[in-house]
Amino acid sequence: MDVDTRLLRYFAAVAEEGSLTGAAGRLFVSQPALTKQIRRLEDGLGVRLFTRSRSGMALTEAGCELASRLPALLDRWDEAVQATGRAARVLRLGFLDAGAMGAVAEVITEFRQAQPEWRVELRQSDWSDPSAGLARGEMDAAVVRLPFPGQDGFTVTELFREERGVLLPARHPLANRETVEFRELWDEPFAAAGAETGAWREYWLAERDGHPVRVGAVTTRPDEWLGAVAGGCVALAPASAARFYSRPDVVFRPVHGVSPSRVGLARPRGRTQQAALDELLGAITRRMGRSS
C-alpha cells in the first residue's frame, strides 16, 4: 500500500511516547483524531501495530519491526525533501501571527534582492500547531511564540519580548480601566486554544495559583478568537494584537501579573545545513535583535 508519511510520523510518536495522550500533545492533534489515524495505518498494512490497555500502547511484534526501521526511513525522506527544496531553491518559513513577524518581511525582501534565485515561502499556521509546522516536518524554520510544546527538539533563538495584556468585550466593566490586574480576570470565561496544545494553552491561560480556569470557547484562528471575545469571553494576548487584530467591539488593556510573551526563531536540529537558510535566519536574528 502507499502510506502517507504523516501516518508514519503519528505511529512513531505513539511508539516513542507509549501513549495516545502523550503523542497527541506532541503532535498537536486531538486524541480521537490520532486514534483514527493509527487505525487507518493498521488497516492499510493489515496488521495490528499496538496492543491497547489502560497503561498505554504497547508495540506488537509487527509494530516493533516497523518502529525499528522507521527512523532511518523518515530521516531519508526528510533529506529528500530538503534536497528537493535546495534544488528548487525554496525556503519555507512558518509563522503564527503577524505581531510576531516584526521586520521579517523587510529581511525577506532584502534576501530576495541579494539572492533572486531563491524563493521564500511564508506559511501561516493556525493555533492548533504552536510549532508553526515544524513538528510535522513542513517548515525549514519558523517564527514562534515561546514556550511551545516540543521546543527542546529544535534549535531556538529568542528574538524579542513584548508585554501581554487582555482582550475584553468593549462593554465589559474592566474595558474602561487603563490597566487590569490578572487576578481580576480569574473568574472570567477565557477563549483558549485546544487541549491538545498542552503547555501552549496553559501559558496563554497563565498561572493563577491553583484557581480553576473557566474556558468559554476553544479557538484556533484570529477571527474565531476575536468573535469569542466579542461574544463575552476574555483572552490574554500580546500587545501587538491591538494593532493587528482590532475590531470595534473588542478592546485591549495592559495586564499586571503576567509574564511577557517571548518570540523566537526555531529550526530543526540535526538537519543538513543550508547556506541560504543560514544567511536568511542570521539576517532575521540580527535585524530583530536590533529592533527589540
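Since we're looking at a predicted model, the values are computed, not measured.

Cut-off values and rules
- Residues numbered from 1 in each chain as written.
- Predicted model: local features only at pLDDT ≥ 70, side-chain atom pairs only at ≥ 80, totals over all residues.
- Heavy atoms only, no water.
- Helix = DSSP H or I, 4+ residues; strand = E, 2+ residues; numbered from the N terminus.
- Rg over C-alpha atoms; globule rule 2.2 N^0.38 Å.
- Contact = heavy atoms within 4.5 Å.
- Lys, Arg positive; Asp, Glu negative; His and termini not counted.
- Charge placed at Lys NZ, Arg CZ, Asp CG, Glu CD.
- 1 Å grid on protein atoms, 1.4 Å probe; cavity = no way out; pocket = protein on both sides within 12 Å on 5 of 7 lines; lining within 4 Å.
- Points joined across faces, edges and corners; volume = space filled by probe spheres on them.
- Nonpolar A, V, L, I, M, F, W, Y, C, P; charged D, E, K, R; others polar.

## Quick look at the overall build of the protein chain
Point 1. Scanning the protein chain for helices and strands turns up nine helices and 13 strands.
Point 2. For 292 residues, the compact-globule estimate of 2.2 N^0.38 gives 19 Å, and the protein chain sits close to it at 21 Å.
Point 3. With the C-alpha coordinates of the protein chain rotated into their principal frame, the extents come out at 60 × 55 × 30 Å.
Point 4. Excluding contacts between residues fewer than 6 apart, the proportion of contacts in the protein chain whose partners are at least 24 apart in sequence is 73%.
Point 5. The protein chain carries 38 positive and 38 negative side-chain charges, and their two centres are separated by 2 Å.

## Structural notes on the layout of surface pockets
Point 1. By volume, the second largest pocket is sized at about 230 Å³.
Point 2. Lining the second largest pocket are 12 residues, and of these Thr5, Arg6, Arg9, Arg136 and Glu138 sit closest to its centre.
Point 3. Listed by contribution, the elements that provide at least two residues to the lining of the second largest pocket are helix H1 (5-17) and helix H4 (61-88).
Point 4. Looking at the lining of the second largest pocket element by element, the count peaks at four residues for H1.
Point 5. Residue composition of the lining of the second largest pocket, by class: five nonpolar, two polar and five charged.

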